[in-house]
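Tertiary structure, described
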Amino acid sequence: MSSSLDRKQQAWSALFSEPVDALVQRYTASVGFDKRMATFDIQGSLAHARMLAAQRIISAQDLADIERGMVQIEQEIASGAFEWKLELEDVHLNIEARLTQLIGDAGKRLHTGRSRNDQVATDIRLWLRAAIDAIVDQLEALRAALREVAAAHVDTIMPGFTHLQVAQPVTFGHHLLAYVEMFGRDAERMRDCRHRVNRLPLGAAALAGTSYPLDREQVARELGFEAVSRNSLDAVSDRDFAIEFCAAASLVMVHVSRLSEELVLWMSQAFGFIALPDRYCTGSSIMPQKKNPDVPELARGKSGRVIGHLNALLVLMKGQPLAYNKDNQEDKEPLFDTADTLLDTLTLFADMVRGIRVNAAAMEAAALKGYATATDLADYLVKKGLPFRDAHEVVAHAVRACSASGRDLAALSLDELKALNPAVEADVFEVLTLRGSVDSRRVYGGTAPSEVRRMLSPD
Ligand code: ARG
């Protein structure tokens, strides 16, 4: 069958007098990566065709033929029988050519009132909307996993750090819930970004709109878009929605990377706080004793890749005059890879986190090493009437006495403490212990088990 789209130089018009150079063809083609938008391309085409028929721009018979052809094409793609052709450049021309091959002239009428410029913008938005939904689901799954582990460790004491120095005791449950908050904001950002992704460009045509009486609202309704774009030049050219998604994705990966860094540290011999399930670690080819936390290390590394994609899209956009430019074809690989990386990472993490084994004794021993209750002693003295700065000074002396003798603050005798300041009484030991310190931090959002328990319930 001699479709006019079979030979690339005729894909646009008879204007071209020589075939495209082979390397140019490979350089300019996007079908290798944009074919993964095929289902959305077909969805968009069907909605467009139904509207064209409703507006009597094409006949009911044309629509029936298009619908029949698309069913077959979907099956061919799903079964792997569809033959993707590089010379047909992209997913749009490949599907259209096959449609025309299958149903004849009706296939050629599908593109009435449409351009690949508004078509591709529509496809990316549909694809990204689905990707966002999957990512939000995975973010919630990871949060559920973190909450589960946190619930089991509401009372497990560990050192809380500032400057990576032991600062004050916290609970492991509280620490994990910090990530539940971060990933919660990430999910919120994704949901918010979805509103701006979810607008219909179709109808913008190449750049200026079209003279056909299109019913854009009908297409938007059928495709589940919240609104129709209000400016045709903007609709076909801006990719800010993809950039915004990559920015939100970068923040997800920054949070993943921080968690990864902690997992790696905690799993090191120097900390010994946790063990990760073996299925998330690998050994060394030379050092038989090694068990390396490869998954969090790689996730930390992949955050660089996602942040790189954000940068790539920003730079891709910044020099483009209105309206569509072929530069925009470069938006897809970074965008796809960003979504793929996020989905894989979040899926792995939800399972891995559930498998964390905690060495509570090591956590507690580490908390005992750093005079983590020094602030509690100062607060105790303040409650006994000392100005905070004086209390701070007294505690500095207490810490000095302890470090000279290699003891924790709670190991000082009442006499030793009284010698530092006469206001000290026997009840001081209630705050000097790790447990007493943690239990006392009952302010809303604090580390006391009662508060952590409150924050366990999904928001
Ligand atoms: N493959 C193209 C892209 O990804 C589709 C739009 C092409 N439009 C054009 N006028 N060449 O952007």
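Residues numbered from 1 in each chain as written. Predicted model: local features only at pLDDT ≥ 70, side-chain atom pairs only at ≥ 80, totals over all residues. Heavy atoms only, no water.

Before going further, it helps to examine the pattern of salt bridges. Evaluation of the coordinates by the stated rule reveals 30 salt bridges. Arg116 is paired through a salt bridge with Asp90; the nearest N and O atoms lie 2.7 Å apart. Of this pair, Arg116 sits in helix H7 (residues 116–152) while Asp90 sits in the loop between helix H4 (60–79) and helix H5 (91–103), and the two are 26 residues apart along the sequence. The class for Asp90 is buried, based on a relative accessible area of 4%. (Salt bridge = Lys/Arg side-chain N within 4 Å of Asp/Glu carboxyl O. Helix = DSSP H or I, 4+ residues; strand = E, 2+ residues; numbered from the N terminus. Buried < 20%, exposed > 50% of the residue type's maximum accessible area, 1.4 Å probe, protein only.)

Okay, the packing of aromatic side chains next. Enumeration over the complete set of coordinates arrives at six aromatic pairs. The interplanar angle of 50 degrees and the centroid separation of 4.4 Å between the aromatic rings of Phe82 and Trp84 together place this pair among those described as tilted. You can call Phe82 buried: its relative accessible area is 7%. Of the residues examined, Trp84 reaches a relative accessible area of 23% and is grouped as partly exposed. Between Trp127 and Phe336 the ring centres are 4.6 Å apart and the planes differ by 55 degrees, which places this aromatic pair in the tilted class. Residue Trp127 is found in helix H7, and its partner Phe336 is found in helix H13 (residues 332–354); the two are separated by 209 residues along the sequence. Put simply, the rings of Phe161, Phe271 and Phe273 pair up and form one aromatic cluster. (Phe/Tyr/Trp six-rings, centres within 6.5 Å; stacked < 30°, edge-to-face > 60°.)

Considering all chains together, one arrives at zero disulfides under this definition. A disulfide-free cysteine, Cys246 has its sulfur positioned 9.0 Å from the sulfur of Cys193, the nearest such atom. For Cys246, a relative accessible area of 0% translates into the label buried. (Disulfide = S-S within 2.5 Å.)

Attention now goes to H4. Counting along an α-helix, one turn takes 3.6 residues, and residues three or four places apart therefore face a common direction. Look at H4: 29 Å from first C-alpha to last across 20 residues, which is about the 28 Å you get at 1.5 Å a residue. Among all positions in H4, only Asp62, Leu63, Asp65, Ile66, Gly69, Met70, Ile73 and Glu76 are buried. Projection of H4 onto a plane perpendicular to its axis shows the buried side chains occupying an angular sector of 155 degrees, all on one side. Exposed residues lying more than 90 degrees from the buried face of H4 are Ala60, Gln61, Gln75, Ala78 and Ser79. Positive backbone phi, approximately 90 degrees, marks Gly80, located one or two places after H4. (Expected span 1.5 Å × (residues − 1). Arc of directions from axis to C-beta.)

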